[in-house]
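Summary of structural features
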Amino acid sequence: MSSSDWDENKALSYLHNVTIDSWVLLRDTFNRIPGSDILVRYIKNSHQNDPIRTFIEALLVIFAIWYFTGKTYHPDSNAVKLTEREVDELINEWQPEQLVEAATADEQAELERIPVIEGPVGPKVRVRSQAKPVTHLASYNFLELLHHPEIKSGARKILRAYGVGACGPPGFYGTQDVHMDMERDIANFLGTEACIVYAQAFGTIGSVIPAFAKRGDVIVVDKAVNFAIQKGLQISRCTLRWYEHNDMADLERVLAEVSREQARRGRLTRRFIVTEGIFADYGDLLNLPKVVELKRKYKFRLMLDDTWAFATIGATGRGSCEHWNVNPREIDMLVGSLSTSFCSGGGFCAGSVEVVEHQRITGASYVFSAAMPAMLAVAVSDSINLVRQDPSLFSRLQENARLFRAAIASDGSADIECISWERSPMLHLRLAKPAADEAEELRLIRGITDECLAHGVLCVRAKQVDGSVFRGADLLRSSIRICVTAGHNKQDLERAAKVIKAAFTKVSRARFASASSA
């Protein structure tokens, strides 16, 4: 063996001995630390059961050592120091972005077209821009109870006794005896166990949906539901499954798909069907018995927004359930508005006691909004008493709706398309031949409403809220929304129908004339 090999072996032997001695010293030092044996036992068991976890934990320890021993970074270390003059110049040059963009010419024209009614609301009203009274076909005062002597007298008495408002949310100190009486009156009128009243009609369904449906739950919903329902769906963050508008075969297909998917995954969540009795954006009627049959078959709960059917259809005004002879207790959450036929404000949700009491602590609009003024609550109770005494109000309303619809359909105008149910007091009229785009159609509808107002008929247009198209929902075409009331007479309705048909014809002819000349 050469001397160089011997020196190398000697060096390796020395290094080995030093390493062993160092390891023994380190081990003995570590073992003297209290609790070290527990840590060693944990690492051995962890490595034996899950080696990948040991590797990840080691990386985390290394990262922690690097992070706490590394160089500290100061944000101001590389900052450019400016003089006071340079700072002032930058501040003067800075221009903040506009919070809201300036209104376009179309938006400004739309704002200027908003009619201002002077005086009381009734079948005929005075509009600031018109010299003579005009026929009012835009009011939700379907039963013409707004100026009924008994309701006005009752409201005056309550105003003197209770004051103007409740000044507090219902769940704390805003609930008054008249509120509880009103809820009992509505529940008795509908034939449900209980009822809860919200102070805002629009916020009612938007609070009811997220009060029961949460992330992970499934909601099967009609593609044509109104904007308030869409907001409630958005807040709930549920899994949404859409079906074609008022198509019962497609509804059953979607319900069957959801049931099969959940059975395959072995996971059962809360499941709801959400729809309307009379659709706000179309005016057509839901086949309620079929929906109830399907919800039983596939074990879904049903939320029904009956705003436009409540106190307008049915022999005594009890809405879709009465019209279809369906037991209202088949509807899990029956929602409606008190700001239409009952000339008050707010909305309600009727159902079982459990459903109602649950909303008193989870319905956002109920918990965080001031309670309805006492005089409005009494107005609802008085309205219910009046329609109980005189149910002929509903037959008169439905006859007026039928009469107006027949007047629109007479002469077979090729320019108008009515997409609503024949006995609905709220109906939509739109152009029979759609325009090239939504902006053009909106302009034409606006021209029709202007022409009608110029000839003594006040009606309004319905359109999609800008930028609000909910993913999965249908895109709503612009239309004219007509509201017929029990206070209109035959002559007014027939004349209004002639004016509307003439306006549709005039605008349509001008449209095609400009297209041919171009």
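Heads up: the structure comes first, above all this text.
A brief look at the structure comes next. Because the structure is predicted, anything quoted here is derived from the model rather than measured.

This part is about helix 18 (residues 438-454). Here helix 18 spans 24 Å end to end across 17 residues, near enough to the 24 Å set by a 1.5 Å rise per residue. Looking only at helix 18, the buried set comprises Glu-441, Leu-442, Leu-444, Ile-445, Arg-446, Ile-448, Thr-449, Glu-451, Cys-452 and Leu-453. N-capping of helix 18 is provided by Asp-437, with a side-chain oxygen placed 3.2 Å from the backbone N of Ala-439. Positive backbone phi, approximately 90°, marks Gly-456, located one or two places after helix 18.

Right, let's talk about unusual backbone geometry for a bit. With a phi close to 55°, Cys-167 is a non-glycine residue in the positive phi region. Secondary-structure assignment places Cys-167 in the loop between helix 6 (149-162) and helix 7 (170-174). With a relative accessible area of 68%, Cys-167 lands in the exposed category. Phi is positive for Arg-237, which is not a glycine, with a value near 60°. Relative to the helices and strands, Arg-237 resides in the loop between helix 10 (227-236) and strand 6 (239-243).

Once that is clear, we can look at the pattern of salt bridges. Summed over the entire model, instances satisfying the criterion amount to 26 salt bridges. For Glu-257, the salt bridge is made with Arg-241, and the minimal N-O distance between the two is 2.7 Å. Taken as a pair, Glu-257 in helix 11 (residues 248-265) and Arg-241 in strand 6 lie far apart in primary sequence, 16 residues in all. Here the salt bridges share partners, and the residues they tie into one network are Arg-241, Asp-250, Arg-253, Glu-257 and Glu-261.

What counts and how
- What you see as residue numbers is a count from 1 along each chain, following the sequence as written.
- Restriction of local features to residues with pLDDT of at least 70 applies here, the model being predicted, together with a cutoff of 80 or more for giving and counting side-chain atom pairs; totals for whole chains, interfaces and linings are based on all residues.
- To obtain the side-chain values, all non-hydrogen atoms of the structure were included, while hydrogens and water were left out.
- Note on conventions: DSSP H or I runs of at least 4 residues are helices, E runs of at least 2 residues are strands, and numbering of each starts at the N terminus.
- Helices are assigned an expected span. That span is 1.5 Å times one less than the residue count.
- Under the scheme applied here, a residue whose accessible area is under 20% of the maximum for its type counts as buried, over 50% as exposed, and between as partly exposed, the area being computed with a 1.4 Å probe on protein chains only.
- Polar contacts, as used here, are pairs of N or O atoms within 3.5 Å; protein pairs need one atom able to donate a hydrogen and one able to accept it. Residues neighboring in sequence count only if both atoms are side-chain atoms.
- For this document, the term salt bridge refers to a Lys or Arg side-chain nitrogen within 4 Å of an Asp or Glu carboxyl oxygen.

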